[in-house]
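What the coordinates show
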Amino acid sequence: MTRMTYREALRQGLRDALRDDPRVFLMGEDVGAYGGTYAVSKGLLEEFGPERIRDTPLSELAFVGAGVGAALGGLRPIVEIMTVNFSLLALDAIVNTAALYRHMSGGQFSVPLVVRMATGAGRQVAAQHSHSFEGWYSHIPGLRIVAPATVEDARGMLAPALADPDPVLFFEHAQLYNLEEDVSEPCVVDLCSAKVRRAGSQVTLVTYGGSVPRTMVAARRLAEDGVDCEVVDLRVLRPLDDATIMASVRKTRRVVVVDEGWRSVGISAEIVARIVEQAFYDLDAPPARVCSVEVPVPYAKHLEEAVLPHPDRIAAAVRGLFGAGA
């Protein structure tokens, strides 16, 4: 076992990919000389040189589009977008080109592109830098959406993402970069399965990404009150692992979905809909959701915390499923 941070795990995944496959290169804003906005690529320019670690102009549409072209040309590009809100400037390249190319070419071409980006709130970077757009992208056929919530997943998800013949969007919650955990070597992670992070018998908590640690805190607090929670980390948002979700719900018969995104028309709504479609008669209570309050994320620390799905709100939603006797 090796102990490392989420940031170090991502860096090691990048290093392994660059070392093992000459087709792999990294490009994005400040990934080279500066070492990455979140220091994920620090030291890689010196190790692999400017042909493999490429600083780009401040144009997301241009460099994501260049990544699409490089992937079509046989390379394995990793494109870093500084934060998820900037990815909106590259929507045409991601949604109208990368996601559709296999279909539009009748299966003749694929786009083996990995796009990494920081996501999420909780760092007082104001409304325009605190978005959680994972649910938006999960709507799009042709994309695979992953959201590693642990150091091991951060370490092990990049290799299978690069091996995927279609584009993979890699969402790294910015509050996780300093998370430190033990990682086994070799680290093998698939891009298909959700994972039960905590086994339980009375209620299922379904979540992903930066909400996993908060949900685990809520589960531990509820355990002290005699409520046994099972925590399911989705890990992959498209395609969703319905089998793992439904198996847990059928076991516990109650479910709360925790999502840092907004409630309306979000991924939490999709998950609840699938549960109702597939496991309605196994439920002993209506599904509940804990999402961010539907306002732009405030800058002030106490207001920012108030709008996010913090452990107290999660625990309250769980207790609500059991009524006054919880």
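Just above, that's the structure.
Residues numbered from 1 in each chain as written. Predicted model: local features only at pLDDT ≥ 70, side-chain atom pairs only at ≥ 80, totals over all residues. Heavy atoms only, no water.

Some words on the pairing of strand 2 (residues 24-28)
Put simply, the rule reads: Note on exposure labels: buried denotes an accessible area under 20% of the residue type's maximum, exposed denotes more than 50%, and partly exposed covers the range between, all computed with a 1.4 Å probe on protein chains only. In this description a helix means any DSSP run of H or I spanning at least four residues, a strand means any run of E spanning at least two, and both kinds are numbered starting from the N terminus. Pairing between strands requires that DSSP locate at least two bridges from one strand to the other.
The element strand 2 is extensively covered by neighbouring structure, given that five of its five residues are classed as buried. Residues Val24, Leu26 and Gly28 line one face of strand 2 and the alternating positions Phe25 and Met27 line the opposite face, and both faces are buried. Bridging between strand 2 and strand 4 (residues 76-83) involves five bridges; their strand directions are parallel. Residue Met27 lies in a different strand from strand 4, and its bridge partner there is Val79. In terms of strand pairing, strand 2 meets strand 3 (residues 53-55) through three bridges, oriented parallel. What sits directly across from Leu26, in strand 3, is Ile53.

Notes on the sheet that holds strand 14 (residues 288-292)
Let me state the cut-off plainly: Interaxial angles span 0 to 180 degrees and are taken between N-to-C directions of axes, which are lines fitted to C-alpha atoms, for helices over the stretch in contact.
The strand order across the open sheet built from five strands is 9-11-10-13-14, with neighbouring strands paired in mixed fashion. Where the open sheet ends on each side, the last strands, each with one partner, are strand 9 (195-198) and strand 14. Going from strand to strand, the sheet's axes swing by 25° on average, the running direction of each strand aside. Pairing of strand 10 (residues 203-207) with strand 13 (residues 255-262) involves three bridges; the strand directions are parallel. Residue pairing for strand 13: Thr204 is matched across the bridge by Val255.

Some remarks on unusual backbone geometry
In this model, Arg238 is joined to Pro239 through a cis peptide bond whose omega is 0°. Structurally, Pro239 is set in the loop between strand 12 (236-238) and helix 10 (242-252). One non-glycine residue, Ala39, adopts positive backbone phi at about 65°. On the accessibility criterion, Ala39 (25% relative accessible area) is partly exposed.

Structural notes on empty space enclosed by the protein
Sizing a probe to match a water molecule and rolling it over the atoms shows the empty space that remains. Cut-off, in case you're wondering: Of the grid points, spaced at 1 Å and generated over the protein atoms alone, those admitting a 1.4 Å probe that cannot get out make up cavities, while open sets with protein on both sides within 12 Å along at least five of seven lines make up pockets; any residue with an atom within 4 Å of a point is treated as lining. Grid points are joined across faces, edges and corners, and a volume is the space filled by probe spheres set on the points. Note on residue classes: Ala, Val, Leu, Ile, Met, Phe, Trp, Tyr, Cys and Pro are nonpolar, Asp, Glu, Lys and Arg are charged, and everything else, Gly too, is polar.
Summed over the entire model, instances satisfying the criterion amount to five cavities of 30 Å³ or more. Space inside the largest cavity adds up to approximately 70 Å³. In terms of lining, the largest cavity is formed by Ala121, Ser130, His131, Ser132, Glu260, Gly261, Trp262, Ser292, Val297 and Leu308. With three residues, strand 13 is the single largest residue contributor to the lining of the largest cavity. When the residues that make up the lining of the largest cavity are grouped by side-chain class, the tally is four nonpolar, five polar and one charged. Computed from the structure, the second largest cavity encloses a volume of approximately 50 Å³.

Description of the packing of aromatic side chains
The test is simple: Think of it this way: a Phe, Tyr or Trp ring, Trp meaning its six-membered ring, pairs with another when their centres are within 6.5 Å, and the plane angle makes it stacked under 30 degrees, edge-to-face over 60, tilted otherwise.
Under the counting rule described, the total for this entry stands at six aromatic pairs. Between the aromatic rings of Tyr101 and Phe109, the centroid separation amounts to 6.2 Å while the plane-to-plane angle is 85°, which identifies the pairing as edge-to-face. With relative accessibility at 30%, the residue Tyr101 sits in the partly exposed group. Centre to centre, the rings of Phe133 and Trp136 are 4.1 Å apart; their planes meet at 20°, and the pair counts as stacked.

Notes on the packing of helix 9 (residues 211-224) against helix 13 (residues 311-321)
For any two helices packed against each other, the geometry is given by the interaxial angle and the distance between the axes. The cut-off we apply is this: Roughly parallel here means an angle under 35 degrees, roughly antiparallel means over 145, roughly perpendicular means 65 to 115, and every remaining angle is called oblique. In a left-handed crossing the near helix is turned counterclockwise from the far helix by less than a right angle, and in a right-handed crossing that turn is clockwise. Residue contacts are counted whenever heavy atoms from the two residues lie within 4.5 Å of one another.
Where helix 9 meets helix 13, the axes come as close as 8 Å, and the angle between the chain directions of the two elements is 55°. Comparing the axis directions of helix 9 and helix 13 gives the class oblique. The crossing of helix 9 and helix 13 is right-handed. In this structure, helix 9 contributes Arg214, Thr215, Val217, Ala218, Arg221 and Leu222 to the contact, and helix 13 contributes Pro311, Asp312, Ile314, Ala315, Val318 and Arg319.

A short note on the layout of surface pockets
The calculated volume of the largest pocket comes to roughly 320 Å³. Gly135, Ser138, His139, Arg238 and Glu270 are, among the 14 residues lining the largest pocket, the residues nearest its centre. Counting only elements with at least two residues in the lining of the largest pocket, the list comes to helix 6 (134-138), strand 12 and helix 11 (267-279). No other element matches the four residues that helix 11 contributes to the lining of the largest pocket.

Side note on the environment of His173
Following the sequence through the fold, His173 ends up in strand 7 (residues 168-173). As for His173 and Ala149, which are separated by 24 residues in sequence, their C-alpha atoms are 7.7 Å apart. Apart from the residues lying within four places of it in its own chain, the contact partners of His173 are Tyr6, Thr119, Gly120, Ala121, Gly210 and Glu260.

Describing the sheet that holds strand 5 (residues 114-119)
The strand order across the open sheet formed by seven strands is 3-2-4-5-7-6-12, and the pairing between neighbours is mixed. Of all the strands in the sheet, just strand 3 and strand 12 have a single pairing partner and so form its edges. In this sheet, adjacent strand axes meet at a mean angle of 20° when their direction is disregarded.

Honestly, it's all geometry; don't read function into it.
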